[in-house]
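# Observations on chain architecture
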Amino acid sequence: MSRVSVVGVPSSAASYAAGQDLAPAALRSAGLVERLTETGLEVHDDGDLPHQVWRPDREHPLAQNVGPATGSLRELAGRLDPLLARGDFALVLGGNCTIVLGVMAALRRLDAGTPGLLYLDRHYDLNTPDSTTDGTLDWMGLAHALALPGCVDDVADAFGPRPLLEPDQVAWLGVEPSLGTGWEREQAGRLGLHVITSEAMAADPAGAARAALDRLPPGPLAMHIDVDVLDFIDAPLAENTDCRNTGPTLDQAVAALQVAARDPRVRALSIGELNPTRSAGEPDALPRFARGVARILGATIR
């Protein structure tokens, strides 16, 4: 790895409401770039994609803001292509979890072997417009990457031949199966997905990470964290405030991702679902998260 290139995706277009679009600026203000530099990393801030704010999309009620959200993902993949090609590590600040599609599209274009994804999330993100009525793409991203039945064609086809990912290219870490829809649990069983639960991750973060990594292909890997995987009382950061007093702490999640970051296959980390307004009552929450990200990427120094 030559350096870390930071790319912001200040978009809440695919979210439940506005808020996540503020995350890239908030993380920079919390000292993220400075904390990365202090670890000994060479860091380049590559700036942000255009700002997008969620608004009710009454023309597409079951896949709201699908046009601008998909355009942003294509733009992200194009922004990452030259960074990854020259050997940089990509740190992508979302935004919501759909950003992982742009990251994986860019890794696939490297033509450096079959890419893989370590996906830290409390949810499967396997819903489609046919399986839920909320119309929110941010928990449908992996359904579109896998091109499951009922997906929106514009998203599933946005990066060339579908599917963008096969089931054995993804390992889920931190899922609470009871929070999934019936459709998601059915797909997880039908496809034989590799899922490590929230409870198992909290009990043994390093072991859970190693078990997940062992299931991924030999090509370049991305790590993705939806911050709702964290216990909200320990780290009040997520758009989803339901994740209280369950799941791993921030320190436990950092420990898991440090193990992953030491794997020479890892080329990217993306961060999703962080809503800065959630931490207004705990001013150190964002700086503590920034320090955690620096600890994770510090582990990439080999």
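Reference entry: report on the structure contained in this document. Just so we're clear, the structure is a prediction, and the values are computed from it rather than from any experiment. (Residues numbered from 1 in each chain as written. Predicted model: local features only at pLDDT ≥ 70, side-chain atom pairs only at ≥ 80, totals over all residues. Heavy atoms only, no water.)

### Here's the deal with the overall build of the protein chain
Along its length, the protein chain carries 11 helices and 8 strands. In summary, the protein chain has a C-alpha radius of gyration of 17 Å against a globular reference of 19 Å for 302 residues, a match within 12%. Considering the protein chain as a whole, with its 302 residues, one finds that 60% of them fall into the buried category. Across the protein chain, the fraction of contacts at a sequence separation of at least 24, relative to all contacts at a separation of at least 6, is 74%. (Helix = DSSP H or I, 4+ residues; strand = E, 2+ residues; numbered from the N terminus. Rg over C-alpha atoms; globule rule 2.2 N^0.38 Å. Buried < 20%, exposed > 50% of the residue type's maximum accessible area, 1.4 Å probe, protein only. Contact = heavy atoms within 4.5 Å.)

### Here we look at the pairing of strand β3 (residues 89-94)
Taken across its 6 residues, β3 has 6 buried, putting it largely inside the fold. Here β3 shows no split at all, with Phe89, Leu91 and Leu93 on one side and Ala90, Val92 and Gly94 on the other all buried. Relative to strand β8 (residues 266-272), β3 runs parallel, the two being bridged by 4 bridges. Across the sheet, alanine 90 pairs through a bridge with alanine 268, a residue of β8. (Pairing = 2+ DSSP bridges.)

### Digging into the packing of helix α3 (residues 66-85) against helix α4 (residues 99-109)
Across the interface, α3 lies against α4 with an axial gap of 8 Å and an inter-helix angle of 40°. In terms of their interaxial angle, α3 and α4 are classed as oblique. Of the two possible hands of crossing, α3 and α4 adopt the one that is right-handed. Between α3 and α4, the contacting residues are Leu73, Leu76, Ala77, Gly78, Leu80, Asp81 and Leu84 on the first element and Ile99, Leu101, Gly102, Val103, Ala105, Ala106, Leu107 and Arg109 on the second. For the contact of α3 with α4, the class distribution of residues is 11 nonpolar, 2 polar and 2 charged. (Axes fitted to C-alpha atoms, helices over the stretch in contact; angles between N-to-C directions. Parallel < 35°, antiparallel > 145°, perpendicular 65-115°, else oblique. Left-handed = near helix turned anticlockwise from the far one by under 90°. Nonpolar A, V, L, I, M, F, W, Y, C, P; charged D, E, K, R; others polar.)

### Brief notes about the pattern of salt bridges
Scanning all chains against the criterion turns up 15 salt bridges. Ionic pairing is found between arginine 109 and aspartate 81, a salt bridge with its closest N-O pair at 2.8 Å. Of this pair, arginine 109 sits in helix α4 while aspartate 81 sits in helix α3, and the two are 28 residues apart along the sequence. Between aspartate 284 and arginine 291 there is a salt bridge, with its nearest N and O atoms 3.2 Å apart. Among the charged side chains, a network of salt bridges with common partners joins Arg3, Arg86 and Asp88. (Salt bridge = Lys/Arg side-chain N within 4 Å of Asp/Glu carboxyl O.)

### Brief notes about the side chain of glutamate 176
Within the element layout of this structure, glutamate 176 appears in the loop between β5 (170-175) and α7 (182-191). Its relative accessible area of 18% is what places glutamate 176 among the buried residues. The contact partners of glutamate 176, leaving out residues within four places of it in the chain, are Arg122, Ser198 and Thr246.

### Notes on the sheet that holds strand β1 (residues 4-9)
Strand order in the open sheet formed by 8 strands is β2-β1-β3-β8-β7-β4-β5-β6, and the pairing between neighbours is parallel. Whereas interior strands pair on both sides, the edge strands pair on one side only; in this sheet they are β2 (43-48) and β6 (194-197). If you compare each strand with its neighbour and ignore which way they point, the axes differ by 15° on average. Two strands pair when backbone bridges link them, and strand β4 (residues 116-120) and β5 are joined in this way by 4 bridges, in the parallel orientation. Paired with tyrosine 119 across the two strands is tryptophan 172, which belongs to β5. Here helix α11 (residues 285-298) sits on the sheet and contacts β1, β3, β7 (221-226) and β8; the angle it forms with β8, its principal contact strand, is near 165°.

These figures come from the coordinates and say nothing about function on their own.
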